[in-house]
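# Survey of secondary and tertiary structure
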Amino acid sequence: MSFTALKPVLTPEGWELLNSLPPYDASASAELNKRLRKEGWDPETTAAALTQSQLRAEARGKFGEFADRMLLTREGLQQSTRLPAAARHASRFRDAGAKHVADLGCGLGGDSMAFAAAELAVTAVEADETTAAAATINLRPFPEAQVVQATAEAFLETASRVRGVWLDPARRDERRGRSGGSAARLWDPEEFSPPLSFVTDLAATGVPLGVKLGPGIPHELIPDGCEAEWVSIDGELVEVVLWFNDLARPGVRRAATALSTGNGAVRTAELTASSSFGKGIDPEPAGREGFSGILWEPDPAVIRAGLVAELAEKLGAHLLDEHIAYLCGSGAHNDGAQQLARGHRILDVQEFKPKALKRWASQEGVTSLEIRKRGVDVVPEQLRRQLLTGRRRTKAPVHRDLVITRIGEERLVAVVEPL
């Protein structure tokens, strides 16, 4: 989206039109477009307002009701921080005693909004003109925040002493993207803007620094001397944050944080380790005889942080296979465990044979299946069709849950009941 495409809704008239539109409805957008044109609105303003209305609807999953008064770009929305994670970032700076945060690469301003809401002074820095314009609108309700259009490098060269830095490097390249499509994702940290070497140089100055990266970054590329925190929201892995200097917790090298947003509140569960990657707990897997009781499926943040064995110890459970992130135990757990792992009561375990499973599904009158798998070359959608094809309709629906995994070279399937 170019600045020209955004400009019509930056006028008082265009902004008023946008905020007067009904909730976005894809099926009614064509008719609404015609009505606005008949009322005298020019094509550019109409298109800009309808595009923003659609983006606001899509943004509610990240920004909640704040989205209804925001200005957005599609690329910016894809890369923006979700509100629960942004609030957690702000609390880390506040708890460290920071009074001012320079948000370098602020994007649409999601993190800056959270910083300002936490009563921190914010300088939001964004290089892209269109995105900087959107951030300016989004941060208008917060007098604590100002927007500067500049690169991170240029801002730091001219800024006076910076007391806290939040950095979200650009990890996409529009020049490599498809024509008319999304920008290409970058995988080499030295191709980020700014690159990872800029991060380490900045951290070496001692400034309190938090850096948001994609959660798939290889462990070996994570710099020494920082806390790496993987974060999930409602079971979806969303980011890894590298915390440096005063923002890093003493004695914490790796962390997994699971945020749950049900019932209008955010609940947090954490697991940390002081050891470096590959140097934590290394228990002996239990094997086939241990496949009973409660099957625990660790949160993806726990898996990516390499804390599966630490979670097993916390749960009083054991690994089934050293290469598979499934745990089994008696079911005793503390209050935070259900946020760090999804539990399933094991009802039956058998060798994985599709023909035998099909007979089982027929005998049980199964009409629907939830299939989870790990460590096996199985496509759940294809297996579900295979097991249920040809089934006669029954009077009442019968649902079952299956977990397919491997222990050593043996493939096994468990019939389970979610806790």
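What counts and what doesn't
Residues numbered from 1 in each chain as written. Predicted model: local features only at pLDDT ≥ 70, side-chain atom pairs only at ≥ 80, totals over all residues. Heavy atoms only, no water. Pairing = 2+ DSSP bridges. Helix = DSSP H or I, 4+ residues; strand = E, 2+ residues; numbered from the N terminus. Axes fitted to C-alpha atoms, helices over the stretch in contact; angles between N-to-C directions. Buried < 20%, exposed > 50% of the residue type's maximum accessible area, 1.4 Å probe, protein only. Contact = heavy atoms within 4.5 Å.

### Here's the deal with the sheet that holds strand 10 (residues 254-260)
Taking strand neighbours across the sheet as the criterion, the nine strands line up as 3-2-1-4-7-9-8-10-11 in an open arrangement whose pairing is mixed. Both edges of this open sheet fall to strand 3 (145-149) and strand 11 (267-273), since each of them pairs with a single strand only. Neighbour to neighbour, the strand axes of the sheet diverge by 20° on average, direction disregarded. In terms of strand pairing, strand 10 meets strand 11 through seven bridges, oriented antiparallel. Paired with Ala255 across the two strands is Thr272, which belongs to strand 11.

### Section: the environment of Leu18
Among the structural elements, Leu18 can be located in helix 2 (residues 12-20). By relative accessible area, which is 3% here, Leu18 ends up buried. Measuring from C-alpha to C-alpha, the distance between Leu18 and Thr46 comes to 8.8 Å, with 28 residues separating the pair along the chain. Ignoring anything within four residues of it in the chain, the contact list for Leu18 reads Ala49, Gln52, Ser53, Arg56 and Leu71.

### A word on the sheet that holds strand 15 (residues 341-351)
In space, the seven strands of this open sheet follow the order 13-14-12-15-18-17-16, with mixed pairing throughout. The open sheet has two free edges, formed respectively by strand 13 (318-321) and strand 16 (368-374), since each of these has just one partner strand. Direction aside, the axes of adjacent strands within the sheet are offset by 40° on average. Looking at chain direction, strand 17 (residues 399-407) and strand 18 (residues 410-418) are connected through seven bridges and run antiparallel. Residue pairing across strands places Ile407 opposite Glu410, the latter belonging to strand 18. Together, strand 12 (294-298), strand 13, strand 14 (324-329) and strand 15 form the strand contacts of helix 12 (residues 308-315), whose direction differs from that of strand 14 by roughly 5°. Sheet strands in contact with helix 15 (residues 380-388) are strand 16 and strand 17, and its direction is about 140° off that of strand 16.

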